[in-house]
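Structural characterization, general
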Amino acid sequence: MNTHRLGDHGADVGLLQSRLIRAGCPLSVTHVYDVATEAAVNSIQAKTGLVVDGIAGPKTLAALATGQRAPKHLADADIVRAAETLDVPVACVRAVNEVESRGSGFLPDGRPVILFERHVFWRRLEARGIDPAPFAARYPNIVSQTYGGYQGNAAEYMRLATAEQIDASAAWESASWGAFQVMGENWQRLGYSGVDDFVARMENSEGDQLDAFVRFVAADAGLLAALKGRKWAVFAKGYNGPDYARNLYDAKLAQAYLKYAGTDRAAA
């Protein structure tokens, strides 16, 4: 089942509604993800401790099946704690979680989501006094001066495994990890004891992955100021790079913030 939200329609939505009804939600099967369906999803998320965003994805379905949040999944309390740490409205962190995170920080097999960056690996090998050129000739998909070569999902671990054979620490530093895709090379700047400590935290839970994001923002005064001031274009450019506008990250963040700001005020 795909992730669904307000306005979606179809057989998958009808199936979701049936599951919500079995969980005790006062709902009808309309095959339309309407306001009532969103409210039912919010209720289940709140009851099980998930992030309350009204979006039904794999984590919500898992909670529906078991009646509880999986320990690795992000909790609403994690969102509140992150906002307190950064001294920003909770709606800011909710908006970032919806737009900037990858939805789930883990693959179906339980490993963290990663994206291996071959151009970063070139740089990290050089930092260790290792000439990357011979490896680039043999493994152009693993070592290169240009970005690319992505295979996605679990296949990224095959690329990582090849890189680990060359230098494990450099390999871990050259991948972005978890729901918020924080690069491993940032480990020292973000206060981890080593890249192995960083990776272990990313493997532990989405709460730890959010903590890496919090550290990343807190370590960048400009990025933190943009988040505090709700300057979404500045924040999106700082977090996503100069191509942020192509994916409308700033507009999506602004829209999500307004939604959650209204929800938080209503709940207060």
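Located above this text is the structure these notes cover.
Here goes a summary of the coordinates provided.

What counts, and where the lines are drawn
Residues numbered from 1 in each chain as written. Predicted model: local features only at pLDDT ≥ 70, side-chain atom pairs only at ≥ 80, totals over all residues. Heavy atoms only, no water. Axes fitted to C-alpha atoms, helices over the stretch in contact; angles between N-to-C directions. Helix = DSSP H or I, 4+ residues; strand = E, 2+ residues; numbered from the N terminus. Parallel < 35°, antiparallel > 145°, perpendicular 65-115°, else oblique. Left-handed = near helix turned anticlockwise from the far one by under 90°. Contact = heavy atoms within 4.5 Å. Nonpolar A, V, L, I, M, F, W, Y, C, P; charged D, E, K, R; others polar. Buried < 20%, exposed > 50% of the residue type's maximum accessible area, 1.4 Å probe, protein only. Pairing = 2+ DSSP bridges. Polar contact = N/O pair within 3.5 Å; in protein donor to acceptor, adjacent residues only side chain to side chain.

1. Details of the packing of helix 4 (residues 76–86) against helix 11 (residues 206–218)
Where helix 4 contacts helix 11, the axes come no closer than 10 Å and their chain directions differ by 15 degrees. Regarding the angle of helix 4 to helix 11, the classification is roughly parallel. Between helix 4 and helix 11 lies a crossing of right-handed hand. Contacts between helix 4 and helix 11 involve D78, I79, A82, T85 and L86 on the former and, on the latter, G207, L210, V214, V217 and A218. Looking at the contact of helix 4 with helix 11, its residues break down into 7 nonpolar, 2 polar and 1 charged.

2. A few points about unusual backbone geometry
One non-glycine residue, H31, adopts positive backbone phi at about 65 degrees. Considering the arrangement of structural elements, one finds H31 in the loop between helix 1 (11–22) and helix 2 (35–48). Unusually for a residue other than glycine, L248 sits at a positive phi of about 60 degrees. Structurally, L248 is set in the loop between helix 13 (232–240) and helix 14 (249–267). Owing to a relative accessible area of 49%, L248 belongs among the partly exposed residues under this scheme.

3. So, the sheet that holds strand 1 (residues 114–116)
In space, the 3 strands of this open sheet follow the order 1-2-3, with antiparallel pairing throughout. Here the strands that pair on one side only, and so sit at the sheet edges, are strand 1 and strand 3 (182–183). Here 2 bridges tie strand 2 (residues 175–177) to strand 3, and the two strands are oriented antiparallel to one another. Residue pairing for strand 3: S176 is matched across the bridge by M183.

4. Here's the deal with the side chain of T48
Within the secondary structure, T48 sits in helix 2. Separated by 2.8 Å, the side chain of T48 and the backbone oxygen of I44 make a polar contact. Those residues in contact with T48 that sit more than four places away from it in its chain are A63, G67, Q68 and R69.

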